[in-house]
2 protein chains.
Amino acid sequence: MIDHYKEYSLAYISVDCIVFGFDNGKLKMLLGRRQINPGRGEWALYGGFVSATENLENAAERVLTSLTGLKNIFMRQVGAYGAVNRDPESRVISVAYCALINVKDYDEELRKQYGLEWVSLEEIPPLFSDHSNMVEDALVMLRRRISNEPICFSLLPELFTLTQLQNVFEAIVGKEIDKRNFRKRAKQSNVIEETNIIDKLTSKRGAVMYRYNGNETDFRL
Amino acid sequence: MIDHYKEYSLAYISVDCIVFGFDNGKLKMLLGRRQINPGRGEWALYGGFVSATENLENAAERVLTSLTGLKNIFMRQVGAYGAVNRDPESRVISVAYCALINVKDYDEELRKQYGLEWVSLEEIPPLFSDHSNMVEDALVMLRRRISNEPICFSLLPELFTLTQLQNVFEAIVGKEIDKRNFRKRAKQSNVIEETNIIDKLTSKRGAVMYRYNGNETDFRL
DNA sequence: GCAAAAGTGTTGGAGATACACCCATGA
DNA sequence: TCATGGGTGTATCTCCAACACTTTTGC
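These numbers come from a predicted model, not from an experiment.

A. Region of the structure containing the sheet that holds strand β8 (residues 160–161) of chain B. All names here are of chain B. With respect to topology, three strands assemble into an open sheet ordered β8-β10-β9, the strand pairing being antiparallel. Pairing within the sheet leaves two strands with one partner each, and these edge strands are β8 and β9 (192–199). Two strands pair when backbone bridges link them, and β9 and strand β10 (residues 207–212) are joined in this way by five bridges, in the antiparallel orientation. Across the sheet, residue I192 finds its bridge partner in β10, namely Y212.

Now the structure itself:
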C-alpha cells in the first residue's frame, strides 16, 4: 500500500460510550473508573480504541456489546472530540456514541466485572478529560430528538405502562408533564398500541401495558 | 512522552468542509476537484489534514480561512466518518464541518485559485468517497436547526430584506412558504429589527432592510 | 401604462395548556 | 378503610395554514 499522506501526523482513534438507562424513575448513566493511564482511577466513560479493521460504528458496537452482553443496541454518534491536549500524553481523537438500554436487560455480572456504576444525572462526578462535555452534548441531542424519533422505547421493556413512558419523558426533558395531556397525546399518536396485559407490579389497581408499534415515519410523540 | 497506547493502531485525521452559500435565490455549495491521490480529479469537498498541534476546530477554521479569506466563519461539526475503506489507501478518519458564508464576502480570486465552483444543491455531482453522505448529513442538520438557531443570517449580508430572508428559508427547507405568513412570523419574532434603509436594487418600489439583533436566547423564527 | 416586486389581515382548525376528581385494589 | 397509583374531559389559547389584492416606481 502506498502512503500518500506520510508527511502528515497520525493519531489514535477511540470511541467513548455514553450509556443511558432508566431505572427507578430516574435517568442514569454507566460510569467506571478508568483502568489505564493517563487518568487511571478517575471517573470516566467506558471506551476503547478503534482497530485498523473496523469502522467507528463497529468499534462502538463492540465496546457496547462487551460491556452489556446486548446486541443491536440503539446508538447514535454524538460527535468527534479532538482537542490537542484532551489526552495529556498522546494525540487521541475520540468519537462519542450515545446508547440507550433497558436496565432490566443488563447483565449485572458484567457490570460488576467491569466495575461500572449506574449514576443518576444529578449526581455525575467530575469526569476524565472532556468526557463531561460528551455527556452534556449527548443529553442535548436526546432532548432534541425524543419527540421526533422512537428513542424512548429503547429505555423501556417491550411492554410498558403510560406512566413509565411519561417518567422517561420527564427524566429526559427534565421537567414535569401534565398527566392527562401526556396520555391524550400518547393515545392519539399512532406509535403505541394497547395490549390486554395488565401490569400489577407497580400499582394495586393495575395498569394497561402498551407496546411500540414500530412506526418510524412521521414519528411524533 | 510515554506512549501508553502503542499496541493500538494509528490513523490520519482530516477535516472536510461543506461550505454553503446563498446566491441568486439558490443554496449552493463549494466543490472542487481533488488535487491529490487517491481520487485525484474527482469532485470533492475541500479538506485538509489535522496537524499534531491543532484542535479539530482550529484545523477546520484554518482550512476555511485559507479557502475564503474570511475569519470567524459560522461553523458546526457535522460528524466523524471512519469507514475502514473510505479512503482506499490509508486509514483516514474525517471530521466534517459545515460552514455558512455570505457569497458576496467571498474572494473570487481565491475561489479561482483553488479551482472551486459554486454548485446548486440540485446539481451536485457524485463526490469522492463518502463526501456525499457528509453533504446529506449537513443538510439534515441545517433543516433541523434553521428555526431554532440564528444560522440563516450567516448566509446573508448584514442588512437584508424580508424577501431575501424568506428565500434563504425556502432554499434550506426546500419548499415554498406563504409570504404573508412568513413576514408575520418574522416581524413578531424578536430577533430582527427594521432599519430605515431602503433597498432599491432588486425592486422598483424598494424594500425595507432588516438586521439580526443578536438575540440568541429562545431564538425562534 | 405595465411589469415586477413589496407590502398587507382575517378566518378556521389543530394542537397545546391548564386544571380536579373518581376508581380499583392490596394491605 | 385507607393509601397508592391508574385513569378520565372540558374550556381556553396559541400557533399555523390558507387565501388575494393594492402599492410603488423604473422602464
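There's plenty left to go through after this.
B. Local environment of the pairing of strand β2 (residues 26–33) of chain B. Residues and elements named next belong to chain B. Within β2, six of the eight residues are buried, which leaves it mostly tucked inside the rest of the structure. Of the pairings in the sheet, the one linking strand β1 (residues 10–23) to β2 comprises four bridges and is antiparallel in character. Considered in β2, the bridge of D23 is made with K26. As consecutive antiparallel partners, β1 and β2 are separated by two residues, and within that stretch N24 has a phi angle of approximately 60°, a positive value. The sheet contact formed by β2 and strand β3 (residues 43–44) spans two bridges and is antiparallel. Opposite R33, over in β3, you have W43 as the bridge partner.

C. Here's a closer look at the interface of chain A and chain B. Listed per partner, the contact involves 42 residues of chain A and 42 residues of chain B. Between chain A and chain B, a total of about 3,400 Å² is buried, with carbon and sulfur atoms accounting for 55% of that surface. A per-residue breakdown of the area chain A buries against chain B is headed by Y5, Y12 and E89 of chain A, which together make up 21% of the total. Across the chain A-chain B interface, the total number found is two salt bridges. Here E149 of chain B ties to R144 of chain A by a salt bridge, and the two come within 3.8 Å at their closest N and O atoms. Summed over the shared surface of chain A and chain B, the result is 14 residue pairs in polar contact (both at pLDDT 80 or more). Contributing elements (two or more residues each) for the side of chain A that touches chain B: β1 (10–23), β5 (74–81), β6 (92–101) and α3 (131–145) of chain A. The sheet contact formed by β1 of chain A and β1 of chain B spans three bridges and is antiparallel. What sits directly across from L10 of chain A, in β1 of chain B, is Y12 of chain B.

D. A positive patch on the surface, seen in detail. On the surface, K179, R180, R183, K184 and K187 of chain A cluster together into a patch of positive charge. Checked against the element boundaries, K179 of chain A lands in helix α5 (residues 179–188).

E. Summary view of the protein's contact with DNA strand D. The immediate surroundings of DNA strand D are formed by 20 residues, with K179, R183, K187 and R205 of chain A together with R205 of chain B found nearest. Each atom of DNA strand D within 4 Å of the protein was classed as base or backbone; sugar and phosphate made up 39%. Here a base oxygen of DNA strand D sits 3.0 Å away from a polar atom, N or O, in the side chain of K184 of chain A. Take N181 of chain B: an N or O atom from its side chain is 2.9 Å from a base nitrogen of DNA strand D. Listing elements by their share of the surface near DNA strand D, those giving two or more residues are α5 and β10 (207–212) of chain A together with α5 (179–188) of chain B. Split by residue class, the surface near DNA strand D holds two nonpolar, five polar and 13 charged.

Reading the values: rules and limits
- Residues numbered from 1 in each chain as written.
- Chains lettered and ligands numbered in written order.
- Predicted model: local features only at pLDDT ≥ 70, side-chain atom pairs only at ≥ 80, totals over all residues.
- Heavy atoms only, no water.
- Pairing = 2+ DSSP bridges.
- Helix = DSSP H or I, 4+ residues; strand = E, 2+ residues; numbered from the N terminus.
- Buried < 20%, exposed > 50% of the residue type's maximum accessible area, 1.4 Å probe, protein only.
- Contact = heavy atoms within 4.5 Å.
- Buried area = accessible area lost by both parts, 1.4 Å probe.
- Salt bridge = Lys/Arg side-chain N within 4 Å of Asp/Glu carboxyl O.
- Polar contact = N/O pair within 3.5 Å; in protein donor to acceptor, adjacent residues only side chain to side chain.
- Patch = residues over 30% accessible without salt bridge, like charges linked within 9 Å, V, L, I, M, F, W, Y side chains within 5 Å.
- Areas by Shrake-Rupley, 256 points an atom, 1.4 Å probe, with all protein chains shown as cover.
- Lys, Arg positive; Asp, Glu negative; His and termini not counted.
- Charge placed at Lys NZ, Arg CZ, Asp CG, Glu CD.
- Near = heavy atom within 4 Å.
- Nonpolar A, V, L, I, M, F, W, Y, C, P; charged D, E, K, R; others polar.

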